[in-house]
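Each chain is listed here by its residues.
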Amino acid sequence: MKLFKPVLSLIILAALIVSLNTKFGTIPPLGKFFDPNAGFWANAETSEPTTASLELPGIKENVSVFFDKRRVPHIFASNEHDLYYAQGYITARDRLFQMEVQTYDAAGRLSEHLGARTLSRDRSTRRLGMPYGAEKAAEFIKENDPDIYAHLEAYAAGVNAYISSLSPDEYPVEYKILDFTPEEWAPIKTAYLLKNMTRTLAGNSNDDRTSNTIAYFGQDFVDKFFTIKPELNDPIIPETRVWDFESIPVQAPDTLFKPASAVELESFERPEGIGSNNWAVNGDKTVSGFPILSNDPHLGLTLPSIWYEVQLHAPGLNVYGVSLQGSPGVIIGFNEDAAWGTTNTGSDVMDWYEIEFKDDAMNEYWHDGEWKATTKRIEEIKVRGQETVIDTIVYTHHGPVTKVESDIDEERAPAYHALRWIAHEPSNDLNTFFGFNKMKTFEDFKEAVSHYVAPAQNFIFANSEGDIATWISGKFPNKWKFQGRTVSDGSDPLYDWQGWIPTEHNPHILNPERDFVSSANQESAALDYPYYLEDEYAPFERGRRINDLLAEMDNITKDDFQKMHMDDYSYHAATILPEMLEWLDEKVLNEEELEVLEELKNWDLHNDSESLAPGIFRQFWSNMYRAIFNDEYGSTKAPLRWPSRDRVNEVLKNEPEFVFIDNVNTEEVETMEGIVTSAFRKTIEELTEWHGKFGDGWKWGILINNDFDHIAFIPGFGKENVYSSGNGESINATRASWGPSWRMVVELGPEVKGWGVYPGGASGNPGSQNYDSTLETWRTGELYELNFYKEPPSGYLYSITINPNN
């Protein structure tokens, strides 16, 4: 018994030591985490950075990096190898964790560090063929463009030089919380990053839902809501454009294939808010007499930001703008002669094919009248704390195969769908951005976009010679009309992608008569464009509003475009609210409901943060929409395609007795008046329950629900309830964690000037004041004048000199 207490104490002490150094679920090893010298506290930034000089291996000549007051790095190098080396080093210094975690996501490797909770995501990533596509892209660049591959290697060497310089106490705080260490960077990781952008921007598909919708509601319904375009559509390339080429013919099947049944595929719907705006005017519409270009890409709003601002300077190159962490060069920006911006195109480059296998071994599949051999790729998914998961993925010539089972017929044998996706194409998209970084003329722009594959973008261009242009860029399959809108026949070669649209046939325009170019993810071209690209684009609203404003504007300055960035006019409300108010039966409303109605009647149709009406309208319209469609759509478990709001508004105005207005679950016959009145009263009940009585709690700045989550969703590292104006249908498309991720205005001329802002800051360290220092400037619509130097600056916050380590 004398030994019991000492032994027990030793056991407890040993258990305590083990527990403090062990990760339990989402809880980090607490001993390491709270270590005052190496844990969380070590990441707190207590003073401004100071000027330093470094000696690093692999760099050829001295590099100077100057940081301005916002800590934007301006990198001056004597050659491009050293330039991209330094870019990799500096970006890793500020954003290492973000760089790594997004490539783990794209490679299907999150579970290595986060455990089984991300296994489903990793499995889905690999079955989409993301690693397969990234490997093909990296191989293609290495074999076909050794100069660009050398840039990737230089960038990787810079990242690795920074990682090698770190001791564990200097790791970014996220590594301490999640308890893993940085690994060596390699060029393939840049390819992963670019494939992740393709998944975000070109990873949407309606194939199965459109097939189901045709089967369930009929072809007329699909034609009414998905084939006919809204009258207010204003395509990116104006209708005045004359196409001076003959399209390449493509053979279509006689009848449309019907897949096995309604299927259960993972949703590939793009959330509302992924969109962007860009526009440029020529010198005839500006005070300066030179073009002005604007861009605000809409992406997920996170902390740290998706973008990293930088200036890159070397012989033959001087460019400023935003970069993606993990990729050399500038993605959106300007140089001494030209500027460019981008929005997403949204064309259909993701098709599913129903496959017939010879037997359960899946070694052969039926195509073009014969059995053809499959290939198989073994995916090994490491899972923290568990056995490695082995997933064998079958590939046909279309792409990787996914097993799909019916939602509505348990007796039906599983179907197999192969994915044909642009992300699997060999590509060197960096060639385009390196070209942009150095371009001067429209011919340079044209050459640069000719290399671009995916995700398809509406690139916009302006230069100091006075040219403005737009080019819908990407590698587009040459399809017959509506090919890929539904699930395709994997055995019939007429459903294969039979070729590509030549780059010079992609929709584009140079110096249009209307003196401006613009895009907002709407239809690429008018109906007379001779190729089929897609049947679903963003609603017309933002594009129409931009074009309306630009057409009326003259003597434009940077301030006018800054104001346009924050324009919150709701074309959506303008096209349907007057009719909704007409249909509403005021006679049955009580006093409180009449007060709310008066607020709507007096609304100026702007999604202003201080206004009460935007939140009322949003909920009112949503309740009306659900009342019309939920009964029919809820009568099956099959996933169906839902109509867009702009076509619904048109149909309701033209057909107030549209058959779906009647609720199939009731005996009475519902009318538009009854539907709308009930929707309005329900709206008031819901808003009262959620936000209290009608009053300040209903302000749009509250209801808009803007949260800036941390990139890894670590609690406390994000910013919640950012009070702002805007909405998905407005030019200022801020809404619920999506919105303008970078606002930029560039004035061309003898001295190019730029202004910009993104929400966040250069530092990815939550313990730094620079982590979210620009968020308020972004929220209020202000812009920073961008310090674009032609020579090394004499005034700066601090600098880092990088010298060769000999």
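As the structure is a prediction and not an experimental result, all values here were calculated from the model. (Residues numbered from 1 in each chain as written. Predicted model: local features only at pLDDT ≥ 70, side-chain atom pairs only at ≥ 80, totals over all residues. Heavy atoms only, no water.)

1. Structural notes on the overall build of the chain
So, point 1. Scanning the chain from N- to C-terminus turns up 22 helices and 28 strands.
So, point 2. Scaling as 2.2 N^0.38, a compact globule of 806 residues should have a C-alpha radius of gyration of about 28 Å, and the chain matches this with 28 Å.
So, point 3. Judged by the C-alpha coordinates and their principal axes, the chain covers about 85 × 80 × 70 Å.
So, point 4. Intrachain contacts of the chain at a sequence separation of at least 6 include 72% that bridge at least 24 residues.
So, point 5. For the chain, the exposed surface amounts to about 32,800 Å²; the carbon and sulfur share of it is 50%. (Helix = DSSP H or I, 4+ residues; strand = E, 2+ residues; numbered from the N terminus. Rg over C-alpha atoms; globule rule 2.2 N^0.38 Å. Contact = heavy atoms within 4.5 Å. Areas by Shrake-Rupley, 256 points an atom, 1.4 Å probe, with all protein chains shown as cover.)

2. So, a negative patch on the surface
So, point 1. Side chains of Glu443, Asp444, Glu447 and Glu465 sit close together on the surface and give a patch of like negative charge.
So, point 2. Assignment of secondary structure puts glutamate 465 in the loop between strand S18 (457-463) and strand S19 (468-473). (Patch = residues over 30% accessible without salt bridge, like charges linked within 9 Å, V, L, I, M, F, W, Y side chains within 5 Å. Salt bridge = Lys/Arg side-chain N within 4 Å of Asp/Glu carboxyl O. Lys, Arg positive; Asp, Glu negative; His and termini not counted. Charge placed at Lys NZ, Arg CZ, Asp CG, Glu CD.)

3. Remarks on the nonpolar core
So, point 1. Ranked by size, the top nonpolar core spans 154 residues in total, and within it Trp307, Phe334, Phe436, Phe445, Leu550, Phe561 and Met564 carry the most contacts.
So, point 2. With 14 residues, helix H3 (residues 80-107) is the largest single contributor of residues to this core.
So, point 3. For leucine 550, the contacting residues outside a window of four places in its chain are Trp279, Val281, Lys285, Phe516, Ser518, Phe561 and Met564.
So, point 4. Ranked by size, the runner-up nonpolar core spans 52 residues in total, among them Phe217, Val596, Ile675 and Val676. (Core = buried A, V, L, I, M, F, W, Y, C linked by side-chain atoms within 4.5 Å. Buried < 20%, exposed > 50% of the residue type's maximum accessible area, 1.4 Å probe, protein only.)

4. Comments concerning the environment of phenylalanine 225
So, point 1. Mapped onto the fold, phenylalanine 225 is located in helix H11 (residues 219-227).
So, point 2. According to the relative accessible area criterion, phenylalanine 225 is buried, its value standing at 2%.
So, point 3. For the pair phenylalanine 225 and tryptophan 642, spaced 417 residues apart in the sequence, the C-alpha separation amounts to 8.7 Å.
So, point 4. What phenylalanine 225 contacts, discounting residues up to four positions off in sequence, is Phe629, Pro643, Arg647, Val648, Val651 and Phe658.

5. Considerations on the sheet that holds strand S20 (residues 488-489)
So, point 1. Reading across the sheet, the four strands line up as S16-S17-S11-S20 and stay open at both edges, with mixed pairing between neighbours. Across the chains shown, the open sheet's two edge strands, defined by having one partner strand only, are strand S16 (401-404) and S20.
So, point 2. Bridge count for strand S11 (residues 350-355) against strand S17 (residues 415-421) is six bridges, and the pairing is antiparallel. Following the sheet pairing, glutamate 354 is matched in S17 by histidine 417. (Pairing = 2+ DSSP bridges.)

6. A look at the environment of asparagine 706
So, point 1. Examined against the element boundaries, asparagine 706 turns out to sit in the loop between helix H21 (700-703) and strand S23 (709-710).
So, point 2. For the pair asparagine 706 and alanine 106, spaced 600 residues apart in the sequence, the C-alpha separation amounts to 26 Å.
So, point 3. When near neighbours in sequence (up to four residues on either side) are disregarded, asparagine 706 contacts Lys719, Glu720, Asn721, Val722, Ser724, Thr734, Arg735, Ala736 and Ser737.
So, point 4. Polar contacts involving the side chain of asparagine 706 include one to the main-chain amide nitrogen of alanine 736, which spans 2.8 Å. (Polar contact = N/O pair within 3.5 Å; in protein donor to acceptor, adjacent residues only side chain to side chain.)

7. So, the packing of helix H16 (residues 571-583) against helix H18 (residues 613-633)
Helix packing for two helices is described by the angle between their axes and how far apart those axes are.
So, point 1. Put simply, H16 and H18 touch, their axes get as near as 12 Å, and they point 70 degrees apart. Here H16 lies roughly perpendicular to H18, going by the angle between them. Handedness of the crossing formed by H16 with H18: left-handed. Note on element contacts: H18 touches H16 through Phe617, Phe620, Trp621 and Met624, opposite His572, Ala573, Ile576, Leu577 and Met580. (Axes fitted to C-alpha atoms, helices over the stretch in contact; angles between N-to-C directions. Parallel < 35°, antiparallel > 145°, perpendicular 65-115°, else oblique. Left-handed = near helix turned anticlockwise from the far one by under 90°.)

8. With respect to the pattern of salt bridges
So, point 1. All chains considered together, the criterion is met by 35 salt bridges.
So, point 2. Its salt-bridge partner being lysine 587, residue aspartate 585 comes within 3.1 Å of it at the nearest N-O pair.
So, point 3. The exposure class assigned to lysine 587 is exposed, which follows from its relative accessible area of 74%.
So, point 4. Within the structure, one salt-bridge network assembled from shared partners comprises Glu100, Arg109, Glu112, Glu183 and Lys189.

9. Focus on the environment of threonine 432
So, point 1. Along the chain, the position of threonine 432 falls in helix H12 (residues 430-438).
So, point 2. According to the relative accessible area criterion, threonine 432 is buried, its value standing at 0%.
So, point 3. Expressed as a C-alpha distance, the spacing of threonine 432 and serine 450, which sit 18 residues apart in the sequence, is 7.6 Å.
So, point 4. Filtering out sequence-adjacent residues up to four positions away, threonine 432 remains in contact with Ala448, Val449, His451, Tyr452 and Phe459.

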